[in-house]
Structure formats: C-alpha cells, structure tokens
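Chain by chain, the residues:
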Amino acid sequence: MKIVFDRNIPFIAGPLASIAEAIPMAGTDITPEVARDADAMIIRTRTRCDASLLEGSSCRFIGTATIGTDHIDLPYCSSKRITVANAPGCNAPAVAQWVLAAINEYTDSRPLDSVTLGVIGAGNVGSLLIRWARGLGIKVLVNDPPLQQTAPDAYTYSGLDDIARECDIITVHTPLTRTGSHPTYHLINSDFISGLERRPLILNAARGPVTDTHALIDGLRSGKISAVGIDCWEGEPDLDLNLLDMAMIATPHIAGYSRQGKIRASQMVLDALSRHLGLHTRLLADAPLTAPVPDIITPEMIGYDISADTRSLKGSPSSFESLRNSYILREEPAY
C-alpha cells in the first residue's frame, strides 16, 4: 500500500510508515503522476483534489488535515467512491485565540466590557469564540442563518443589519459557499460595508473570499471601516499589497496553527484512515495527547503576540508560503 502525504503535516510520518510505503511531498508537488498509484493521500489546502488530479488514480481515501474541504471536489470523489475525511473543529481554540489577540491589539487599553463583537458563523470556531468572549465581558451578537433554522434556541440571533449597525468588531467564521440559500462568497461586500455605523474592526480568519478585498480597501479609505485583520486572503499566496499595507493585522493563514490544533487534526485524519482500512489497532499521532479546552479564559491566558506575525508578513509578503510552512506552532490558551 502506498500513501502520499503532505510533508508539512506533523506527527503522522511514523504512524503511516508503520502500515504502508509513506511518501512525504510538498502539497503543490502532488501531481496526477504521483496520485496515479497512491492508495491514499493525506493533504492540506494547497492540494486541489478533483478530476484533473484523480482521474485514473487508484486512490480511495483522501484525508485533509484541515477544517475546510473547498479544495476537494466532493461530488467527484463520491462518484468515484473515494472516501474523504477532514478535521472539523481541530483548530477552533487557536483561531479563537487569534481573534482575541487581534481584539486586544485593536482595543489597546479600552475595557473589553465596552466592546460589542459581531460573530458571523457559530460553528466550531464561532461557538467557542462566543463563549470565551462573553467570559471576558465582551457583548456578543451572533449571526448564523443556517444554525438559526436548525437550532433556534441556541442563541439570540441577530441579522446582518444588526451586526453592521451595533458592532465595534466583526469577525467571520463561515465556510465558503457560492450557492444555496445562504452563500458566503463576498458576504462582507460593499453593500454590507455601506451599512456600518460604528467604524468597526473587521476580521477574517475563515476563508479569503468571504470578504471582498476591494470592498475592504474602499471601506478603509472611506472611513466606514476603522481597521482590518486578515489571516485568510483572497488569491493567497498572491496577496493584494494595498490591503496588506492597510491592514492592522496581517498574518499568513496561520490563525489555526497551534501545536494542539495540529495534533488534533493529525489524529482525526489518522482515525479516519484507520476506519477506512478496517485496522484493529488505532493509528496514533506521534505526539502527546492534548489537554481539555478551557470553558472560559482570562486575558492573561490569550498569550499570543499577533503583532510579531504581522511584522513578519508585512516585511516579506513574497514569503507567505514559507512563513506559513515554517511557522513555529504556538500554544493555545490553557488552564
């Protein structure tokens, strides 16, 4: 059995080598020729899995050590009976930490209980962020139309108009969807920005195209937006240098890059592979178990200097990929 895996996914090389010929590669180097005789692949977002990569391949399992799957053509994989597994929620604490670090940077010495935060998307990341933010005294408005339909009592929900009107900070935590009843592509666009009343900070640590780059730039220039913090960029790794220059927070898609988050992602993918192969012994990531995620945190527990990551990216925008791939995994908030 041959398993091809992205060499930048930690903690999995040993477990994979124990059951198969395990081939580490850069994600962008996984080509149709490489995929042709692979029985399984474990990837990240830089490997686009669709017919152009997989047609004629023997691959029957794709594990992505990420929350999202928009780099995978799911209908195609289903049609070819290729099992796809991801790692939902694996890095939620790290992304919530990134958001709170950005809020700290923005508010400076302003009391957190004077801030109203709008959270768009209350899934794994958003729900944890809501709990942590409220524990810090921040007033939180929640927008999530799909969740409102399935769990109407989970929150007191607010419309996007309410978010635009009442919030000092707005952060998005949605998947990227282009169709359906609630598409999120360019959800933060010029129409939304025109309705802003409090000159908020806008944060995107979800998917780059959820925010419209040109609309953000126009909003900053017009004063409708006071600041932006971007971790997920449209067109990355080729960044809009105008937005990069104007951004208060600018990081190379590393919001979820905690040591604990990487351990969870690797273990979730290994568990899915174990089930796919029908293994009697669970494959274990080559890392210690992670501690439970705190229910609430204190300001001191955030423990992340987001400004240092911003200086690194602004100082060398062309190094986006190397900054991301060589990032020193940080520690999540912990008791």
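Structure first, text after, so check above.
The structure presented is a predicted model; accordingly, all values stated were derived computationally and were not measured.

A. Representation of the pairing of strand β10 (residues 227-230) in the model. Along β10, one buried face is formed by Ala 227 and Gly 229 and the opposite face, lined by Val 228 and Ile 230, is buried too. In this sheet, β10 lies alongside strand β9 (residues 201-204) in parallel orientation, the contact comprising 4 bridges. Residue pairing in the sheet places Ile 202 in a bridge with Val 228 of β10. Handedness of the crossover joining β9 and β10 through helix α10 (residues 213-222): right-handed. In this structure, β10 lies alongside strand β11 (residues 249-250), joined through 2 bridges in parallel fashion. Looking at the pairing, Ile 230 lines up with Ala 250 of β11.

B. The arrangement of the sheet that holds β9 in detail. Strand order in the open sheet formed by 6 strands is β7-β6-β8-β9-β10-β11, with parallel pairing between adjacent strands. A strand with exactly one partner marks an edge of an open sheet, and here the two such strands are β7 (139-143) and β11. Across the sheet, helix α5 (residues 92-107) lies against β6 (116-120), β8 (169-172), β9, β10 and β11, angled at about 160 degrees from β9, the strand it touches most.

C. Molecular detail of the layout of surface pockets. Taken as a whole, the largest pocket encloses approximately 960 Å³ of empty space. Residue lining of the largest pocket: 48 residues in total, with Ile 67, His 173, Thr 174, Pro 175 and Arg 207 positioned closest to the centre. When the residues that make up the lining of the largest pocket are grouped by side-chain class, the tally is 22 nonpolar, 19 polar and 7 charged. Along the wall of the second largest pocket there are 17 residues; nearest its centre are Thr 45, Arg 46, Asp 70, His 71 and Arg 207.

D. Seen up close, the packing of aromatic side chains. Applying the stated criterion to the full structure yields 2 aromatic pairs. Ring centres of Tyr 155 and Tyr 157 lie 6.0 Å apart, and the angle between their planes is 80 degrees; this geometry places the pair in the edge-to-face category. For Tyr 155, a relative accessible area of 19% corresponds to the buried category. The exposure class assigned to Tyr 157 is buried, which follows from its relative accessible area of 14%.

E. Spotlight on the side chain of Arg 330. Structurally, Arg 330 is set in the segment after α15 (320-325). Here Arg 330 occupies a buried position and makes no salt bridge, while the nearest side chain of opposite charge, Asp 309, is found at 5.0 Å. Among the polar contacts listed, one links the side chain of Arg 330 to the side chain of Gln 97, at a separation of 2.7 Å. In this structure Arg 330 touches Ala 94, Gln 97, Trp 98, Ile 254, Ala 255, Gly 256, Tyr 257, Ser 258, Arg 259, Gln 260 and Tyr 304, once residues within four positions along its chain are discounted.

Conventions and cut-offs
Residues numbered from 1 in each chain as written. Predicted model: local features only at pLDDT ≥ 70, side-chain atom pairs only at ≥ 80, totals over all residues. Heavy atoms only, no water. Buried < 20%, exposed > 50% of the residue type's maximum accessible area, 1.4 Å probe, protein only. Helix = DSSP H or I, 4+ residues; strand = E, 2+ residues; numbered from the N terminus. Pairing = 2+ DSSP bridges. Right-handed = clockwise from strand over helix to strand, strands pointing away. Contact = heavy atoms within 4.5 Å. Axes fitted to C-alpha atoms, helices over the stretch in contact; angles between N-to-C directions. 1 Å grid on protein atoms, 1.4 Å probe; cavity = no way out; pocket = protein on both sides within 12 Å on 5 of 7 lines; lining within 4 Å. Points joined across faces, edges and corners; volume = space filled by probe spheres on them. Nonpolar A, V, L, I, M, F, W, Y, C, P; charged D, E, K, R; others polar. Phe/Tyr/Trp six-rings, centres within 6.5 Å; stacked < 30°, edge-to-face > 60°. Lys, Arg positive; Asp, Glu negative; His and termini not counted. Salt bridge = Lys/Arg side-chain N within 4 Å of Asp/Glu carboxyl O. Polar contact = N/O pair within 3.5 Å; in protein donor to acceptor, adjacent residues only side chain to side chain.

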